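Here is what each chain is made of, one letter per residue.
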Amino acid sequence: GSRGKKGRASDVPAGVAAEEDDTHDVGDASVALPPPSMPTQPTHTHEQTAPTTTTTTAAPTMPIAATDLPPLRFIIEGKFDIQPQADFAPKAVRAEPSGAVELLRRSLAWVCTRGRRLDDNVPNQDDFVLLQTTDGVMLFGAFDGHGQCGQECAAFVRQSLPECILGLPEFRVDPGMAFRKAFNMVQANLAQQAFDHKHSGATAVVAVITEAHAHAGGGGRLATAHGGAPDASRFLWTAHVGDSKAALVSASPAAAAAGGKATDSGSDLQANAGASYNVTVLTSDHKPDRQSEAERVSQCGGEVRPSNTGAMRLYGKGSPGPALAVTRAFGDTAATRCGVTHEPEIACYPLKDSSESMLVLGTDGLWVFCSPEHVAVQLLQGGVSAIHQVCAESRQQWADNSYNRTVDDVTAIAVAL
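Let me begin by describing the structure that accompanies this report.

What counts as what
Residues numbered from 1 in each chain as written. Predicted model: local features only at pLDDT ≥ 70, side-chain atom pairs only at ≥ 80, totals over all residues. Heavy atoms only, no water. Helix = DSSP H or I, 4+ residues; strand = E, 2+ residues; numbered from the N terminus. Axes fitted to C-alpha atoms, helices over the stretch in contact; angles between N-to-C directions. Parallel < 35°, antiparallel > 145°, perpendicular 65-115°, else oblique. Left-handed = near helix turned anticlockwise from the far one by under 90°. Contact = heavy atoms within 4.5 Å. Nonpolar A, V, L, I, M, F, W, Y, C, P; charged D, E, K, R; others polar. Core = buried A, V, L, I, M, F, W, Y, C linked by side-chain atoms within 4.5 Å. Buried < 20%, exposed > 50% of the residue type's maximum accessible area, 1.4 Å probe, protein only. Phe/Tyr/Trp six-rings, centres within 6.5 Å; stacked < 30°, edge-to-face > 60°. Lys NZ or Arg CZ within 6 Å of the ring centre and 35° of its normal. 1 Å grid on protein atoms, 1.4 Å probe; cavity = no way out; pocket = protein on both sides within 12 Å on 5 of 7 lines; lining within 4 Å. Points joined across faces, edges and corners; volume = space filled by probe spheres on them.

## Some points on the environment of phenylalanine 80
Looking at the secondary structure, you find phenylalanine 80 in the loop between strand 2 (72-78) and strand 3 (93-96). Through-space distance from the C-alpha of phenylalanine 80 to that of alanine 92 is 7.7 Å; in sequence the pair is twelve residues apart.

Have a look at this one:
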């Protein structure tokens, strides 16, 4: 099916027993925002790859979204693929139109690579999507699957969430409300899939850039990052569940010329000679060691306590499981009684055309060993393409800090605004 009205065909097998599924070729490329001459609506067709592993008897796949997706100027996204993958292999990518990657290379870059596991059959469970509609709305998303069918969960969310968000009538009036409704729709549809969603799931971080006439009320809080809203020309909306993160980097013209050294100053970076660039972390991780999340989990029937390794995990009260490292995610339907929820945190930030800004999204494979401050310095010095080197550093840090040299999957998106 084509990506147009009423959703699109799924590339996620309906009933894969994914324990031994080997997934992708994964994608690693840099690109730039589209010129006005780009085609107005890609035909974006998804092939469905037949699984080679044992399959269950699958119920018919639920419609991903009963919404109208606006025409797209471009889309680049991960591709569900069960072929064997080497360590650090880049994810296979679908791009519409076919030349979008080259046309976009100057102001957008991404990395999505498999890590290194003790079990060679474990696929890359990360996924991503980048798109722009013909009326200028941009959406970026990074997703991190976990559990036996984490790859399927992440791919399902990657396919369905953009359609639900952008296709809802509420999006044009109150994007925050559209986010909440879309997250509910995706979770409901995911819970109908034949692959395991009870003990598998996916974190998600989504960023949407709209024109300033979009309302900044209702479903999200209006933040005042990098100045107030009155002179903003665009709004940056974020919604997330779990520990995938987004950050906004901005540099002043003086800083760009001086190349001042950054020092950590709370949530902002300041050059020694003055305010040269700022880093604003746009999301707060939903993890068991976050006090507000631990309290919410307790009220919902779960508890937070140390695991055998000492790391804080989410459990059922008096139970040995599920021992989750996140408190919010898509899927994980068996853990809702322990307080796991798909309800997103939503925020809205004003953007000024006068600022030199970059947006960075990533899964925890990026952020565990690379702070937002470190990522910011590298991007401001090397441009969006520096995200490749940042991710390489992250992979090395994972290997150096793991007794068995295992490395997490890493996904990162860098956008020059």
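Next, the rest of the story.
## Looking at the packing of helix 2 (residues 150-167) against helix 3 (residues 175-190)
Contact geometry for helix 2 and helix 3: axes closest at 9 Å, N-to-C directions at 140 degrees. On the basis of their axis angle, the class for helix 2 and helix 3 is oblique. When you trace helix 2 past helix 3, the crossing you get is right-handed. Contacts from Cys153, Phe156, Val157, Ser160, Leu161, Cys164 and Ile165 in helix 2 reach Ala178, Phe179, Ala182, Phe183, Met185, Val186, Asn189 and Leu190 in helix 3. The class makeup of the residues in the contact of helix 2 with helix 3 is 13 nonpolar, two polar and no charged.

## Description of the nonpolar core
The biggest cluster of nonpolar side chains holds 40 residues, and the ones touching the most others in it are Leu161, Ile165, Phe179 and Phe330. Looking at this core, the elements with two or more residues in it are strand 2, strand 5 (126-133), strand 6 (138-146), helix 2, helix 3, strand 7 (201-211), strand 9 (234-241) and strand 18 (345-351). It is helix 2 that contributes the most residues to this core, nine residues altogether. Not counting chain neighbours up to four residues away, the residues in contact with phenylalanine 179 comprise Ile165, Val206, Val208, Trp237, Ala239 and Ile346. Listed in part, the 28 residues of the second largest apolar core include Met138, Leu236, Leu282 and Leu361.

## Examining the packing of aromatic side chains
Given two aromatic rings, their pairing is described by the distance between the two centres and the angle made by the two planes. As enumerated under the stated definition, the model contains five aromatic pairs in all. Ring centres 6.5 Å apart and planes at 50 degrees place the aromatic pair phenylalanine 179 and tryptophan 237 in the tilted group. Here tryptophan 237 lies in strand 9 and phenylalanine 179 lies in helix 3, a separation of 58 residues in the sequence. Considered together, phenylalanine 179 and tryptophan 237 belong to a single accessibility category, that of buried residues. Taking the centre distance of 5.1 Å and the plane angle of 85 degrees together, the rings of phenylalanine 369 and tryptophan 398 count as edge-to-face. Separated by 29 residues along the polypeptide, phenylalanine 369 in the loop between helix 6 (364-367) and helix 7 (372-382) and tryptophan 398 in helix 8 (residues 387-400) bring together distant segments of the chain. Tryptophan 398 sits in the buried class, given a relative accessible area of 18%. Above the face of the tyrosine 315 ring, arginine 305 is positioned so that its terminal group lies 3.9 Å from the ring centre.

## A word on the layout of surface pockets
Volume-wise, the largest pocket comes out at about 750 Å³. Forming the boundary of the largest pocket are 26 residues, of which Arg117, Ala325, Asp364, Trp398 and Asp408 lie nearest the centre. Residue contributions to the lining of the largest pocket peak at three residues, all from strand 6. The residue makeup of the lining of the largest pocket, split by class, is seven nonpolar, ten polar and nine charged.

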